[in-house]
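One letter stands for each residue in the lines below.
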Amino acid sequence: MTSSGTALTSLPLLCHHHHQESLWIGREPCQLSLWPRLLLFLWLGIGGQVSQVSASHQHFHPHSIKIPGDITLGGLFPIHARGPHGLPCGELKKEKGIHRMEAMLYALDQINSDPELLPNITLGARILDTCSRDTYALEQSLTFVQALIQKDTSDIRCSNGEPPIIRKPERVVGVIGASASSVSIMVANILRLFEIPQVSYASTAPELSDNNRYDFFSRVVPPDSYQAQAMLDIVKALGWNYVSTLASEGNYGESGVDAFMQISREAGGVCIAQSVKIPREPSDGEFDKIIKRLMETSNARGVIIFANEDDIKRVLEAAKRANLTGHFLFVGSDSWGAKSSPIADLEDVAEGAVTILPKRACIDGFDQYFTSRSLENNRRNIWFAEFWEDDFRCKLTRPGIKLDPDKKKCTGEERIGRDSSYEQEGKVQFVIDAVYSVAYALHSMHQDLCPGSSGVCSNMDPVEGRSLLDYIRAVNFNGSAGTSVLFNENGDAPGRYDIFQFQMTNHSHPGYHVIGQWTNNLRLNLEEMQWSGGDKLVPESICSFPCKPGERKKMVKGVPCCWHCELCDGYQYQLDEFNCESCPSDMRPVPNRTSCRPTPIIKLEWNSPWALVPASLALLGILATSGVVITFIRFNDTPIVRASGRELSYVLLTGIFLIYLITFLMIAEPGTVACAFRRLLLGLGMAITYSAMLTKTNRIYRIFEQGKRSVTPPKFISPTSQLAITFILISVQVLGVFVWFAVVPPHTIIDYEELRPPNPDLARGILKCDMSDLSIICCLSYSIVLMVTCTVYAVKSRGVPETFNEAKPIGFTMYTTCIVWLAFVPIFFGTAQSTEKLFIQTATLTVSMSLSASVSLGMLYMPKVYVIIFHPEQNVQKRKRSFKAVAQAAQMSQKSLNEKQNGGMKIEPDRSQ
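Now for a description of the structure that goes with this document. (Residues numbered from 1 in each chain as written. Predicted model: local features only at pLDDT ≥ 70, side-chain atom pairs only at ≥ 80, totals over all residues. Heavy atoms only, no water.)

### Overview of the nonpolar core
- Leu73, Met104, Leu123 and Leu442 are the most contacted members of the largest nonpolar core, which totals 65 residues.
- Setting aside chain neighbours within four positions, we find Leu442 in contact with Ile71, Leu73, Leu118, Leu123, Met460, Val463 and Leu468.
- Membership of the second largest hydrophobic core comes to 54 residues, among which are Leu682, Ala692, Ile810 and Leu845. (Core = buried A, V, L, I, M, F, W, Y, C linked by side-chain atoms within 4.5 Å. Buried < 20%, exposed > 50% of the residue type's maximum accessible area, 1.4 Å probe, protein only. Contact = heavy atoms within 4.5 Å.)

Shown next, in the form of C-alpha cells:
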C-alpha cells in the first residue's frame, strides 16, 4: 500500500490487517474556513509526534470511556494527577477525578431515562483523562475533532487493489470540561476551530470570560473575578487593611490574584503586603522560603490564597514546620472550598481559615447512585477497578500479575461508604448541571429543527456547533441544587457563593461551618466566627505596625499607608527610623541591632583538637630526640657514635629538637616575644637539620667522586670543616630572619576579616602574629632549597656501597621528607577560604614539620640507638678504612657499573635478532 499524502493524524483503516495513516484535510461538513484549517495544520505540525503519541488512543481508545448513543458528548476529567518526570499521568484522583466523571455518567443515565427530555434520543459519551496536564489534554482532545476532518483516500489502495475500509469515528457535538483552567484554555483553543461548544464545571479563570478568544466556552461556575470581589468584601468586613496574596503559577492562581489586586486598588482601603507565586515545579525548601517571605511582613496575617490542593497542603505544612500555627489567617478561594484533603493532619494550622465556594447542594440521588456502584455493575468505567483498589486499600487479582503480599485481596463484596469513607465531591452538582445544560440546549434545538420528529432528524445530522452554542447560552432551568442555571453573554454563570470557616474548638462536630453568603453583596455573621483556640475576637491584619528595634521603615512605593519593616541585616545596626549603617570592622551589631558591640577575640587554645594533636606529636618527638641525645652522650666514645660523626650528629639532633619545639611556639598565645621566636625558630630548626644532612651527603659524594679519579682525599672533609660548612649554611637563615626583624619588627595583629560569616553572632577577631601565608613560605623556602639540594646529593650517592657511612639512610630520609612536604602544600593553601583557616593551617604546618623531623630521627638514629642498647656486641671497632681503601671501593663500584652498561650493549644485538 502506498500513499503520497502527509501524516497528520491517525485513523483506523481496515485493509488486510494493515493500517494506513496518510490523509489530508479537505472540505468537511461544518464548512471550516481556510484559516481554521491552516491553524489546524500548525497545531498538529507543532506537535510533531502527536499522531504517534496518541495513536493508541485514537485507534482503540484504551484510556477513554465510550458510551454509545444517538448524540455523543465529550468529557474531560482529571482522572489521574500529573505524572512525575517523563510520565504524563500519576496517581488516581478519587474525588476530583472519579466522583466528577461518575457524575457525568449519572447525569446521562438520568437524561436518557427521562421521557420528557430528549425523547427517543439517547445521549452517548466519549470520556477522556486529562491527567491534570494541559499538553496531555490537548493530545487527548484531538479525538473529539477526528470526525470533522474530511479524508481523501482516493490515492490509497490495499495490496489487492481494493480501496480501504475506513472506520468512521463518532462525532462529538459538545464537550463537558475541563476541570483546571489551564487545561480548559488549551482545549478551548482547538475546539473553537471546529466550532464545538465546551461547558466547564470547574474552570474559573477570569481569562476565559473573553468572548472574543474563547467564544465557544461556557461554564456553570462563576469566574474568579466574582469570588475575588467576594473575598475583598470579606477582608473589609473583618476590618483588615493589610493582607498578602499567594497564588499557584498558572491561569487559575495568577488571574485570581490579579483580579483581587485590581479590585482592591480600584476600591481602595486595602494594601497588599506580599504577592507570592508558587512555581509549577517547586524545588525542595520552596514552601519554607515562601513562609519566610510572608513573615517579612508578619503583621499582614491575612493571606488571600488562590492555589491548588497540593500547594495549599504544602503551605500549611511549611507554616507548621516554622512553628507558625495560628499566625496566618487564610482566606481561600473555591479550590480550597470545604475540602478535607488539603487540611488533613493540619487542622490546627488551618483553624480559622475562611473559604469560599460556589453555592452548592449535596445531590442525594448521586450519593445513592455512587454508593451502589460495584465491580459488577460498573464495568463501563474503565478506571473503576483502580479506584476500587485505592478506595478499599486492597489488590485485585489479574492474570499474570503476582499479588502484593503487603495488601489484602479485594473480595468484590466491599461497598462504598460502608467499608470506606465517602463524601460527595464539591463540584458534582456543577458536572450534572453542565451535562443538563447541553441536554436542554439539544432538546430546544430538536423542538425547533425537528418538530414532531421522533429521534434525530436530518436537520440535526450533523449538529451545527454555532447553533448549539446559541441554544446553550439561552438555557435557563432549575439545576440539580434547585438554583437556576443560566449564562450571560460571555458564557459565565452568576456569582453565588457560600462562605465557610474551618472551626475546631467549642464544636461537637469540628469542620467547615457556613458563616455567610455572597450574591452580589456580602452577608457575614461575625458572631458565629471563631479563630485559633476558640477566640471570638477578630484578629488584626492591619498596615504599619511600629517597627521593632533593629528594623528600619521602608515605605511601600505607591502605597502611602503602608511600610515594610526591614531588619538591618548582616553587620548593620539601626542608625535611625529609616536607615541602617554598617558597624566598624572591629565591631558587630548587638542582638536587637540598635547599636554595635566589640567583636570577641579568639586564639588557638591548648585544649582545641587542632592544638592537642600537633602538641602530642611534638612532645613524643622531643622525648624521642632527648632519648637519642642522652644515649649518644652516654655512649659517646663507642664505635657507632664515633662512626656517625658525633659533631654533625649533635648539630642535626639540635635541629630536630627545634623543629619539635616550634609546635609549642605556634600554639602559644601570640605576643611580641612569642612572634619573634616563631620567626626565628620556624625555619631555623629545619635549616640546621638539612644543613647538617647536606654537609654529610656532600662529603660522601665528594669522597667517592674523588676516589674514582685519585687516591688523594678531597678538601674540607674533617669534622671541623664539616661544622664550619654547616654553620655557614645556617647563618644564611639566621641573617635573613634578622633582616626581617629590622624591616618589620615582630608584633601581633587582630584579624577581623578572616572569621566574619554572614551571621554576625558567629563573628570573631583572631589574635595572631603578623605572619602571612607568604611570609611563612618565604621563611621555609631556604630550608626547602637545602632539602631539595640534599635530596639531589642523596640521589647522586645512591651507588655508594652499603658499608660506607650513611648515604642510603639519608637518601631514604630525604625522599620521605619530600613526599611529606609535597602533601603539605595543597592542604595548607587549599584551606585558605575555610572559616577555621588559622587552626587548620597551624595544625598542618606543625604536623608536617613534626613528621619530617620524625622521619629524620627514625631513619638516621633509631637503628643506631637500637644497636647500642640491645646489641652492644655489634658496637665494636672494625678495621679502620684509609682513604686509599675508599678510593679502591669507589673504583671497583665504577668498574662494576661500566661492566653492566657494556654487557647491556652487547646483549642488544642479540635481542634484535
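Next, the rest of the story.
### Brief notes about unusual backbone geometry
- In this chain, Gly177 is followed by Ala178 through a cis amide linkage whose omega measures 5°.
- If you trace the backbone, Ala178 turns up in the loop between strand S8 (172–176) and helix H6 (181–191).
- The peptide bond linking Asp461 to Pro462 adopts the cis configuration, its omega dihedral lying at 5°.
- Of note, Pro462 is situated in the loop between helix H14 (428–449) and helix H15 (465–473).
- The backbone of Arg393 shows a phi angle near 50°, a positive value even though the residue is not glycine. (Helix = DSSP H or I, 4+ residues; strand = E, 2+ residues; numbered from the N terminus.)

### Structural notes on the sheet that holds strand S12 (residues 271–278)
- Read from one edge to the other, the open sheet built from 8 strands follows the order S12-S11-S13-S14-S15-S20-S21-S22, with strand pairing classed as mixed. Bordering the open sheet on either side are S12 and strand S22 (522–524), each of which pairs with just one other strand. Adjacent strand axes in the sheet meet at a mean angle of 25° when their direction is disregarded.
- Sitting on the sheet, helix H8 (residues 251–267) touches strand S11 (242–248), S12 and strand S13 (302–306), and the angle it makes with S11 is about 155°. (Pairing = 2+ DSSP bridges. Axes fitted to C-alpha atoms, helices over the stretch in contact; angles between N-to-C directions.)

### Some remarks on the state of the cysteines
- The tally for this structure, following the rule as stated, stands at 7 disulfides.
- In this model Cys394 forms its disulfide with Cys410; the gap between the sulfur atoms is 1.9 Å. Between Cys394 and Cys410 the sulfur-sulfur dihedral comes to about 95°; the bridge is accordingly right-handed. Residue Cys394 is found in strand S16 (residues 394–395), and its partner Cys410 is found in the loop between strand S17 (408–409) and H14; the two are separated by 16 residues along the sequence.
- Note on Cys394: relative accessible area 0%, which makes it buried.
- One disulfide in the model links Cys450 with Cys457; its S-S distance is 1.6 Å. The sign of the -65° torsion about the S-S bond sets the Cys450-Cys457 disulfide as left-handed. (Disulfide = S-S within 2.5 Å.)

### A few points about the packing of aromatic side chains
- With the rule as written, the count across this model stands at 23 aromatic pairs.
- Residues Tyr497 and Trp518 carry aromatic rings whose centres are separated by 5.9 Å and whose planes lie at 55° to one another, so their mutual orientation is tilted. Here the residue Tyr497 occupies a position in strand S20 (residues 497–503), and Trp518 occupies one in strand S21 (residues 511–518), the gap between them amounting to 21 residues. Assigned by exposure class, Tyr497 and Trp518 land together as buried. (Phe/Tyr/Trp six-rings, centres within 6.5 Å; stacked < 30°, edge-to-face > 60°.)

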